[in-house]
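Letter by letter, the chains look like this.
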Amino acid sequence: MTLFRLGYVAMSVNLQDASPSQTMTYKKFKQLLDQEAAVRKLERIAKSNIHNCLRLLKHNKAHEINFFRLSSRLVPLATHEDLKEWDYLSAIKDDLMELGSFSKVNGMRLDFHPDHFVVLNAPRKEVFKTSLKVLKYHYLLLQYMGIDPTHRCVFHLGGRYQDKEKSIERFIDNWSLVPQGIQKMVMIENDDTSYTLENCLYVCEKLNIPLVFDIHHHLANHNEESWEMHWERVVNTWSHSPLPVKMHISSPKSNDEFKSHADFIDVDLFLDFVKKTNGSIEQIDCMIEAKKKDGALFKLVEELREHPNIVMQTESSFTWKE
DNA sequence: CAGCGTCAAGTCACA
DNA sequence: TGTGACTTGACGCTG
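What this report covers is the structure whose coordinates are included nearby.

Reading the values: rules and limits
- Within each chain, residue numbers correspond to sequence positions counted from 1 in written order.
- All chains are assigned letters beginning with A, and all ligands numbers beginning with 1, in the order in which they are written.
- With the structure being a predicted model, the display of local features is reserved for residues of pLDDT at least 70 and the display and counting of side-chain atom pairs for 80 or more, all residues being used for whole-chain, interface and lining totals.
- The basis for the side-chain values is all heavy atoms of the structure; hydrogens and waters are excluded.
- Here the term cavity refers to a set of points on a 1 Å grid, laid over the protein atoms alone, in which a 1.4 Å probe fits but cannot get out; the term pocket refers to an open set having protein on both sides within 12 Å along at least five of seven lines, with lining residues being those that place an atom within 4 Å of a point.
- Grid points are joined across faces, edges and corners, and a volume is the space filled by probe spheres set on the points.
- Only DSSP runs of H or I with at least four residues qualify as helices, and only runs of E with at least two residues qualify as strands; both kinds are numbered from the N terminus onward.
- Three classes are used, and their members are as follows: Ala, Val, Leu, Ile, Met, Phe, Trp, Tyr, Cys and Pro are nonpolar, Asp, Glu, Lys and Arg are charged, and the others, Gly among them, are polar.
- We define proximity as follows: a residue is near a molecule or strand when any one of its heavy atoms falls within 4 Å of that partner.
- Within 3.5 Å is the distance limit for a polar contact, defined as a pair of N or O atoms, with the added protein rule that one can donate a hydrogen and the other accept it, and that residues adjacent in sequence qualify only through two side-chain atoms.
- Each residue after the first adds 1.5 Å to the expected span of a helix.
- Throughout, exposure labels follow a simple rule: accessible area from a 1.4 Å probe, protein chains only, divided by the maximum for the residue type, with under 20% read as buried, over 50% as exposed, and the rest as partly exposed.
- Residues count as neighbours in contact if any of their non-hydrogen atoms are within 4.5 Å of one another.
- Each reported salt bridge corresponds to a side-chain nitrogen of Lys or Arg within 4 Å of a carboxyl oxygen of Asp or Glu.

1. A short note on the layout of surface pockets
If a probe the size of a water molecule is rolled over the atoms, the empty space left behind becomes visible.
Okay, step 1: In this structure, the largest pocket spans a volume of roughly 1300 Å³.
Okay, step 2: Only β2 (67-70) and α4 (125-145) provide two or more residues apiece to the lining of the largest pocket.
Okay, step 3: Of all the elements, α4 adds the most residues to the lining of the largest pocket, at four residues.
Okay, step 4: Of the residues contributing to the lining of the largest pocket, the split by class is 15 nonpolar, 14 polar and ten charged.
Okay, step 5: As a volume, the second largest pocket reaches approximately 270 Å³.
Okay, step 6: Looking at the second largest pocket, it is lined by 13 residues, and the ones nearest its centre are Ala78, Lys84, Tyr88, Lys133 and Leu140.

Printed below as a string of structure tokens:
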């Protein structure tokens, strides 16, 4: 029997004024005459973002939600070239530790998903270097939160550059240039335009990286293959991980905008996944990527409760009984 | 207070 | 060749 645990992404539609990704653009930053004061302002924003994350975790605790993706935009301009000298970690280390401690005390799984600027298979050295910088930023945040960075950061294989095979091999070549600590931190997710589940499995198995299965991306980009035939391989990429298997669930907005995320989750699609994977491993953490965030999670739970085969274990986790 | 243009970064699709 | 979409939007000016 498998325990399915639900999580959501970055922000809440229920908790007001709790943005974890307030920001200041570089342009705005440069416009401020007193650069010293501008840096202090960045630090105030970062502290507010982290504080709002803590509020989100408390909100999650109240609803027995123990799985959550942190915003990658906690510290605005943290990886900007012009702010290399800025020691942002000193300014926010207490806040990070408080956040990390709260998550640990309450047994919460936290992770990151940096956005599309992380491209490890880029032919351009500059792009690769920027990607490493962004990954290092995530690594340091985890470290300062007191969280073991192992398998906490998910991203995609990268671009196609007109030649998928070559670009996959470039990822593997570039991998040896990635510091070991960061290598251990990452997971790879199949994407909706370039790299299918099978492509990602090839790389994950070769480099010993856990694969995060995204069922919505798979439906958009699968090369006539079913995910079911690959599921055991997916599970195996997690055999050396301290964390449970993780997957992403979202639903198409519409047929015309298939790749866009809908507000809520299609319960039937999810139940199909649950039924088929039940028993394959002890636990699967399912990250809900829907526009309505925790609102979508709550709605999904409501619908799951109606189902005769679903047994709720907490407010956000359940098992399937035959 | 709503609406909308703008904002660090990369790649791809589509005009 | 240029623009929008991708997505974790958010800010700040305008009417």
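2. Quick notes on the protein's contact with DNA strand B
Okay, step 1: Contacts to DNA strand B come from 14 residues, most closely from Tyr26, Lys27, His116, Arg160 and Tyr161.
Okay, step 2: A distance of 2.6 Å separates a phosphate oxygen of DNA strand B from a polar atom in the backbone of Tyr26.

3. Digging into the protein's contact with DNA strand C
Okay, step 1: Contacts to DNA strand C come from 16 residues, most closely from Ser19, Ser21, Ser72, His113 and Ser260.
Okay, step 2: Near the protein, meaning within 4 Å, the atoms of DNA strand C are sugar or phosphate in a fraction of 68%, with bases accounting for the rest.
Okay, step 3: Residue Arg73 places a side-chain N or O atom 3.3 Å away from a base oxygen belonging to DNA strand C.
Okay, step 4: Between a phosphate oxygen of DNA strand C and a side-chain N or O atom of Ser260, the distance comes to 2.5 Å.
Okay, step 5: Among the residues forming the surface near DNA strand C, the class breakdown is three nonpolar, nine polar and four charged.

4. Notes on helix α5 (residues 164-175)
Okay, step 1: End to end, α5 covers 16 Å across twelve residues, agreeing with the expected 16 Å (1.5 Å per residue, within 8%).
Okay, step 2: All of the buried residues in α5 are Ser167, Ile168, Arg170, Phe171, Ile172, Asn174 and Trp175.
Okay, step 3: Residues of α5 that are buried make contact with α4, β4 (153-155), α6 (180-185), β5 (186-189) and α7 (197-207).
Okay, step 4: The opening residue of α5, the one whose side-chain oxygen lies 3.2 Å from the backbone nitrogen of Glu165, is Asp163.

5. Structural notes on unusual backbone geometry
Okay, step 1: Although it is not a glycine, Glu64 adopts a positive phi angle of roughly 55°.
Okay, step 2: What makes Glu64 partly exposed here is its relative accessible area of 36%.
Okay, step 3: Backbone geometry places Glu224, a non-glycine residue, at a positive phi of 65°.

6. Focus: the pattern of salt bridges
Note that side chains of opposite charge can pair when their charged atoms are close.
Okay, step 1: This model, assessed by the stated rule, comprises 16 salt bridges.
Okay, step 2: In this structure, Lys47 engages Asp95 in a salt bridge whose closest nitrogen and oxygen atoms are separated by 3.0 Å. Pair noted here: Lys47 is in helix α2 (residues 35-62) and Asp95 is in helix α3 (residues 88-105), with a separation of 48 residues, a long-range link.
Okay, step 3: Overall, the relative accessible area of 35% leaves Lys47 in the partly exposed class.
Okay, step 4: Linking Asp111 and Lys246 is a salt bridge whose minimum nitrogen-to-oxygen distance equals 3.2 Å. Of the two residues, Asp111 is situated in strand β3 (residues 109-112) and Lys246 in strand β7 (residues 245-249); the sequence distance between them amounts to 135 residues.
Okay, step 5: For Asp111, a relative accessible area of 1% gives the class buried.
Okay, step 6: Because the salt bridges share partners, they merge into one network encompassing Arg5, Arg109 and Asp285.

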